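Residue-level listing of the chains:
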Amino acid sequence: MNRRVTKAVFPVAGMGTRFLPATKSVPKEIMTLVDRPLIQYAIDEARAAGITEFIFVTSRGKGALEDYFDRAPELEATLRAKGKTQLLNVLGATNMDSGAIAYVRQNQALGLGHAVWCARHLIGDEPFAVLLPDDVIAAETPCLKQMVEAYEKTGGNMIAAMEVAPELASSYGIMDVAPGVGRVLPMRGMVEKPAPGAQPSNLAAIGRYILTPDVLRHLGDIEAGVGGEIQLTDAIAREITQRQNVHGFRFEGQRYDCGSKAGFLQATVAFGLARSDLGEELAQFLGDMMVQRQAAE
Ligand code: UTP
């Protein structure tokens with residue numbers, strides 16, 4: 001099987017209930033970290049990894065997401081008339097070439113696995129990446145690029161892996177891997193949200209995957225799993241049983257869970273501090289806040 005990955009699926013059809021009421025009218029993926037929506041971070045990461053075809057799995061109420069990647073002729077004309085070239089360049093990064101982006105609809109939120117399956121006709125018979133925009137990863141080499149490079153050697157399927165504290169394992173898909181020190185870890189199994197104490201390791205799957213069409217076929221056969229949802233984890237577990245060609249990939253970088261409020265706030269602070277135009281002011285403010293807090297205790 002060809003090991004060039006040029007297609008990526010972005011499942012963005014979830015309801016984002018953890019961010020209600022905001023997500024009543026604003027798609028979670030449009031919420032901004034400093035001044036860029038979550039989805040822009042995911043798109044930039046995919047582009048850096050060589051992705052040229054972007055497939056969004058959307059649902060009702062996600063219109064803002066489609067508009068975000070379109071041209072904005074009036075806005076562009078106004079910026080041009082005012083000579084705001086830098087802002088025009090910023091806007092340029094949000095434009096997608098005609099035909100590079102496709103939208104398919106998941107008409108019922110039946111789970112992440114089902115969302116990926118909805119893209120099957122656009123994926124066809126080649127390996128593809130999946131990026132969950134909720135997981136924002138700050139890394140010197142973007143996470144998916146690290147994976148694509150490793151994948152050229154391994155082939156098969158590859159899933160980003162991160163160590164989590166044992167008490168958090170029941171919130172993740174957990175990998176069963178032989179103990180090892182390298183970045184690429186052959187997987188023996190995978191279990192979605194294991195009961196406390198039943199996790200096969202402390203390595204959790206994070207929202208970056210490179211998958212084969214075989215996993216798509218499993219998604220078409222499996223029954224609903226944990227939470228009554230069609231779980232991507234279950235299709236991957238079946239692929240491990242049948243072909244033993246799934247690897248965990250311990251990426252280098254810091255992952256923020258922007259699907260949770262605490263993670264989103266942490267990412268906002270971290271990305272704000274990293275910005276040359278904001279970092280100093282924000283650091284000063286945070287320092288003052290800490291002093292005030294300690295004085296009040
Ligand atoms: P989450 O588990 O974070 O669900 O989905 P959610 O609906 O987005 O958020 P909460 O838990 O209600 O706050 C992980 C990823 O899978 C997508 C989501 O859009 C998100 O990118 N997803 C989930 C779908 O596309 N379809 C689904 O049926 C479920």
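In this text the structure is predicted, and so the values were computed from the model without any measurement. (Residues numbered from 1 in each chain as written. Predicted model: local features only at pLDDT ≥ 70, side-chain atom pairs only at ≥ 80, totals over all residues. Heavy atoms only, no water.)

*Asks:* Mind showing me how you'd approach the overall build of the chain here?
*Replies:* When you go through the chain residue by residue, the secondary structure sums to 11 helices and 13 strands. The C-alpha atoms of the chain give a radius of gyration of 20 Å, which matches the 19 Å a tight globule of 297 residues would have. Overall, the chain is about 60 × 55 × 35 Å in size when its C-alpha atoms are taken along their principal axes. Burial status across the chain gives 47% buried among its 297 residues. For the chain, restricting intrachain contacts to residue pairs at least 6 apart in sequence, the fraction spanning at least 24 positions comes to 74%. Of the accessible surface of the chain, which amounts to about 15,100 Å², a share of 53% is contributed by carbon and sulfur atoms. Of the side-chain charges in the chain, 30 are positive and 35 negative, and the distance between the mean point of each set is 2 Å. (Helix = DSSP H or I, 4+ residues; strand = E, 2+ residues; numbered from the N terminus. Rg over C-alpha atoms; globule rule 2.2 N^0.38 Å. Buried < 20%, exposed > 50% of the residue type's maximum accessible area, 1.4 Å probe, protein only. Contact = heavy atoms within 4.5 Å. Areas by Shrake-Rupley, 256 points an atom, 1.4 Å probe, with all protein chains shown as cover. Lys, Arg positive; Asp, Glu negative; His and termini not counted. Charge placed at Lys NZ, Arg CZ, Asp CG, Glu CD.)

*Asks:* Help me out: how do you make sense of the pattern of salt bridges in this one?
*Replies:* Here the idea is simple: oppositely charged side chains can pair when their charged atoms come close. Overall, the coordinates contain 21 salt bridges when judged by the stated rule. What you see here is one network of salt bridges that share partners, running through Asp-214, Arg-217, Glu-239 and Arg-243. (Salt bridge = Lys/Arg side-chain N within 4 Å of Asp/Glu carboxyl O.)

*Asks:* When you look at the packing of helix 3 (residues 73–81) against helix 4 (residues 85–92) in this model, what are you seeing that I'm missing?
*Replies:* Each packed pair of helices is defined by two parameters, the angle between the axes and the distance between the axes. Put simply, helix 3 and helix 4 touch, their axes get as near as 8 Å, and they point 155° apart. Relative to helix 4, the element helix 3 is oriented roughly antiparallel. In this structure, helix 3 meets helix 4 at a crossing whose hand is left-handed. Only Leu-87, Leu-88 and Leu-91 of helix 4 make contact with helix 3, whose side of the interface consists of Leu-75, Glu-76, Leu-79 and Arg-80. Here the contact of helix 3 with helix 4 is composed, by residue class, of five nonpolar, no polar and two charged. (Axes fitted to C-alpha atoms, helices over the stretch in contact; angles between N-to-C directions. Parallel < 35°, antiparallel > 145°, perpendicular 65-115°, else oblique. Left-handed = near helix turned anticlockwise from the far one by under 90°. Nonpolar A, V, L, I, M, F, W, Y, C, P; charged D, E, K, R; others polar.)

*Asks:* I keep staring at the site of the ligand and nothing clicks. Help me out?
*Replies:* Lining the immediate surroundings of the ligand are 17 residues, of which Pro-11, Thr-17, Lys-28, Gln-106 and Gly-111 lie closest. In the environment of the ligand, an oxygen atom lies 2.8 Å from a nitrogen or oxygen atom belonging to the backbone of Met-15. At 2.6 Å from an oxygen atom of the ligand is found a side-chain nitrogen or oxygen belonging to Thr-17. Within the complex, the protein chains bury 82% of what would otherwise be the 570 Å² of accessible surface of the ligand. Along the lines of polarity and charge, the residues of the shell around the ligand split into eight nonpolar, five polar and four charged. (Near = heavy atom within 4 Å. Polar contact = N/O pair within 3.5 Å; in protein donor to acceptor, adjacent residues only side chain to side chain.)

*Asks:* What's the story with the packing of helix 10 (residues 261–273) against helix 11 (residues 279–296) in this structure? I'm lost.
*Replies:* Axis separation between helix 10 and helix 11 bottoms out at 7 Å; the angle between their running directions is 130°. Put simply, helix 10 runs oblique to helix 11. Contacts between helix 10 and helix 11 involve Val-269, Gly-272 and Leu-273 on the former and, on the latter, Gly-279, Leu-282, Ala-283 and Leu-286. For the contact of helix 10 with helix 11, the per-class residue count stands at five nonpolar, two polar and no charged.

*Asks:* Sorry, what's going on with unusual backbone geometry here?
*Replies:* Trans is the prevailing form of peptide bonds, just as negative phi is the prevailing case for residues other than glycine. Going from Leu-20 to Pro-21, the amide bond is cis rather than trans, its omega being 10°. Phi at Val-34 takes a positive value of approximately 60°, unusual for a residue other than glycine. Tracing the backbone through its elements, the reader meets Val-34 in the loop between strand 2 (32–33) and strand 3 (36–37). We note that Gln-244 has phi near 45°; this positive angle belongs to a residue other than glycine. For Gln-244, a relative accessible area of 59% translates into the label exposed.

*Asks:* Hey, could you run me through the packing of aromatic side chains in this one?
*Replies:* Two aromatic rings are characterised by how far apart their centres lie and by the angle between their planes. According to the stated counting rule, one finds eight aromatic pairs in the structure shown. Geometrically, the ring pair formed by Phe-10 and Phe-56 is stacked, given 5.1 Å between the ring centres and 20° between the ring planes. With a gap of 46 residues between them, Phe-10 in strand 1 (residues 7–11) and Phe-56 in strand 4 (residues 53–58) connect regions that are remote in the sequence. Here Phe-10 and Phe-56 have matching classes, each one buried. Ring plane angle 35° and centroid distance 5.5 Å describe the contact between Phe-56 and Tyr-103, whose orientation is recorded as tilted. Residue Phe-56 is located in strand 4, and its partner Tyr-103 is located in strand 5 (residues 101–105); the two are separated by 47 residues in the primary sequence. An aromatic cluster of at least three residues, connected via ring pairs, comprises Phe-10, Phe-54, Phe-56, Tyr-68, Phe-69 and Tyr-103. In this structure, Arg-36 packs its charged tip against the face of Tyr-41, placed 4.2 Å from the ring centre. Over the ring of Trp-117 we find Arg-120, and its NZ or CZ is 3.6 Å from the ring centre. (Phe/Tyr/Trp six-rings, centres within 6.5 Å; stacked < 30°, edge-to-face > 60°. Lys NZ or Arg CZ within 6 Å of the ring centre and 35° of its normal.)

In short, geometric facts, not functional conclusions.
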